[in-house]
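Residues per chain are reported as follows:
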Amino acid sequence: MSRPTDRRRSLQRLLALGATGLMAHQQAQAQASAASGAPLSRSGSIAGKGSSGNKGSTAPTPPRLAIVLGGGSARGFAHIGVIKALEAQGIRPDLIVGSSAGALVGAFWAAGHDGSQMERLALQVRDSDVIDLIGTSVQGRRGLVSGQALQMFVNAGLRGRSIDGLPTPFAAVATRFPSGELQVFQTGEPGFAVRASCSIPGVFMPASQQGQDYLDGGLVSPIPVRTARQMGATFVVAVDVGADDPKAQQAVGGGMYELIVRSFEIMGQALRRQEAEDAQLVIRPDVGRIASTDFSARRALIDAGYKAGMLMGPVIKQKMRTA
């Protein structure tokens with residue numbers, strides 16, 4: 001039987017060897033991290049970026065990345081292409097904020113649907129799945145579309161989860177009516193939040209909950225960068241799909257929907273530019289050649305978003321590394 005002194009010496013040697021191995025492992029990890037060009041992790045940091053392994057050093061706080069998806073009616077399909085491109089380059093947001101069409105796409109992204117899944121869904125969904133017209137015989141109607149079908153579509157797609165139960169933090173913005181104040185939905189039913197954020201005045205009935213009416217978020221915040229910052233984002237990438245519409249003149253001779261949507265866009269142009277300026281980077285897909293009311297151009301819009309996302313992805317990664 002070994003003596004107590006021998007056992008103590010053996011234990012001390014084991015502890016010393018263990019400490020040496022741990023230090024060597026940490027140093028090897030730090031060297032590998034410094035040499036790697038790893039993509040952005042889900043937390044918004046560079047994979048491997050952190051402490052060098054030196055005693056007493058503190059890992060820098062990585063920037064918290066928010067992707068802000070702006071409104072744009074049919075052009076919102078371009079968001080899906082941007083998402084596909086960002087995912088292909090390993091870029092994952094810590095926070096997603098959406099307005100109007102951006103809220104619809106953002107809710108599905110926050111729930112865990114990737115860009116390819118959303119693309120398939122967007123190309124397969126029928127107008128009747130999300131648009132429920134109100135009969136002309138209904139008295140006192142304040143819109144052409146109820147919005148309940150859209151609400152049910154989102155809730156079903158997200159499997160009944162609440163906003164605060166989604167894998168990625170998410171917020172949708174809407175406008176409180178008649179006060180005109182900004183409403184930020186961070187909890188509760190995502191279907192209602194998206195419906196409220198998409199309720200274009202005159203097209204959709206105001207979304208009503210507990211005696212409060214809500215209208216489209218684009219009225220007061222078409223690209224809600226400030227909301228993302230208030231939620232803790234330190235690096236904001238905004239996606240602006242509200243390009244100038246070359247077919248704007250056609251809206252004058254179009255139907256009621258085209259007239260309302262174009263008027264809505266004109267009112268929000270200055271605000272859109274102002275909000276986009278507060279983001280570190282803005283992705284602007286080339287969608288100006290497609291009217292914002294052309295829902296038949298889904299494939300072209302998604303492709304335009306993908307091209308823009310692939311171009312801006314390396315820029316995002318570079319600026320995130322130096323942020």
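Here the structure is a predicted model, which means the values were calculated and not measured.

The rules behind these values
- Residues numbered from 1 in each chain as written.
- Predicted model: local features only at pLDDT ≥ 70, side-chain atom pairs only at ≥ 80, totals over all residues.
- Heavy atoms only, no water.
- Phe/Tyr/Trp six-rings, centres within 6.5 Å; stacked < 30°, edge-to-face > 60°.
- Helix = DSSP H or I, 4+ residues; strand = E, 2+ residues; numbered from the N terminus.
- Buried < 20%, exposed > 50% of the residue type's maximum accessible area, 1.4 Å probe, protein only.
- Pairing = 2+ DSSP bridges.
- Axes fitted to C-alpha atoms, helices over the stretch in contact; angles between N-to-C directions.
- Parallel < 35°, antiparallel > 145°, perpendicular 65-115°, else oblique.
- Left-handed = near helix turned anticlockwise from the far one by under 90°.
- Contact = heavy atoms within 4.5 Å.
- Nonpolar A, V, L, I, M, F, W, Y, C, P; charged D, E, K, R; others polar.
- Salt bridge = Lys/Arg side-chain N within 4 Å of Asp/Glu carboxyl O.
- Expected span 1.5 Å × (residues − 1).
- Bend = angle between axes of the 7 residues up to and from the residue.

Caption draft 1: Molecular detail of the packing of aromatic side chains. For the coordinates displayed, the defined rule picks out five aromatic pairs. On the numbers, 6.3 Å between centres and 85° between planes, the contact of F77 with F295 is edge-to-face. Taken together, the residues span a long stretch of sequence, with F77 in helix α2 (residues 77-88) and F295 in the loop between β8 (281-283) and α11 (298-322) at a distance of 218 residues. An angle of 80° between the planes, with centres 5.9 Å apart, marks the rings of F192 and Y214 as edge-to-face. Here the residue F192 occupies a position in helix α7 (residues 190-197), and Y214 occupies one in strand β6 (residues 212-215), the gap between them amounting to 22 residues. Exposure remark for F192: the relative accessible area of 4% places this residue in the buried category. The class for Y214 is buried, based on a relative accessible area of 6%. Among the aromatic residues, those joined into a cluster by ring pairs are F185, F192 and Y214.

Caption draft 2: α7, seen in detail. Taken across its eight residues, α7 has eight buried, putting it largely inside the fold. Buried residues of α7: P190, G191, F192, A193, V194, R195, A196 and S197, and no others.

Caption draft 3: Examining the pairing of strand β1 (residues 65-69) more closely. By the criterion of burial, β1 is predominantly enclosed, with five of the five residues buried. Residues L65, I67 and L69 line one face of β1 and the alternating positions A66 and V68 line the opposite face, and both faces are buried. Of the pairings in the sheet, the one linking β1 to strand β7 (residues 235-239) comprises five bridges and is parallel in character. The partner of L65 across the bridge, within β7, is F235.

Caption draft 4: View of the packing of helix α4 (residues 115-124) against α11. Two elements in contact, α4 and α11, have axes separated by 10 Å at closest approach and are oriented at 160°. The orientation of α4 with respect to α11, classified from their angle, is roughly antiparallel. In this structure, the crossing between α4 and α11 has a hand that is right-handed. Residue-level contacts link E119, A122 and L123 of α4 to R298, R299 and I302 of α11. Grouping the constituent residues of the contact of α4 with α11 by class yields three nonpolar, no polar and three charged.

Caption draft 5: Examining unusual backbone geometry more closely. With an omega dihedral of 10°, the bond running from F177 to P178 counts as a cis peptide bond. Checked against the element boundaries, P178 lands in the loop between β3 (170-177) and β4 (182-185). Phi angles above zero are rare outside glycine, and Q210 is one such case at about 50°. Looking at the secondary structure, you find Q210 in the loop between β5 (207-209) and β6. For Q210, a relative accessible area of 83% translates into the label exposed.

Caption draft 6: Focus on the pattern of salt bridges. On inspection of all chains with the given rule, the structure shows nine salt bridges. With a shortest N-O distance of 2.8 Å, E119 and K84 are connected by a salt bridge. With E119 in helix α4 and K84 in helix α2, this residue pair connects regions lying 35 residues apart in the sequence. Given a relative accessible area of 22%, K84 falls into the partly exposed group.

Caption draft 7: Region of the structure containing α11. With 25 residues, α11 should cover 36 Å at 1.5 Å per step; its first-to-last C-alpha distance of 36 Å lies within 8% of that length. Its maximal kink placed at M312, α11 deviates by approximately 35°, while the proline P314 follows within four residues. Residues of α11 that are buried include every one of R298, L301, I302, A304, G305, A308, G309, G313, I316, K317 and M320, and no others. Where α11 is buried, its residues meet β1, α2, α4, α5 (127-130), β7 and β8.

Caption draft 8: Up close: the pairing of β7. Here β7 lies mainly inside the structure; five of its five residues are buried. With burial as the criterion, each face of β7 is covered, one bearing F235, V237 and V239 and the other bearing V236 and A238. Of the strand pairs in this sheet, β7 and β8 are connected by three bridges, and their pairing is parallel. Looking at the pairing, V239 lines up with I283 of β8.

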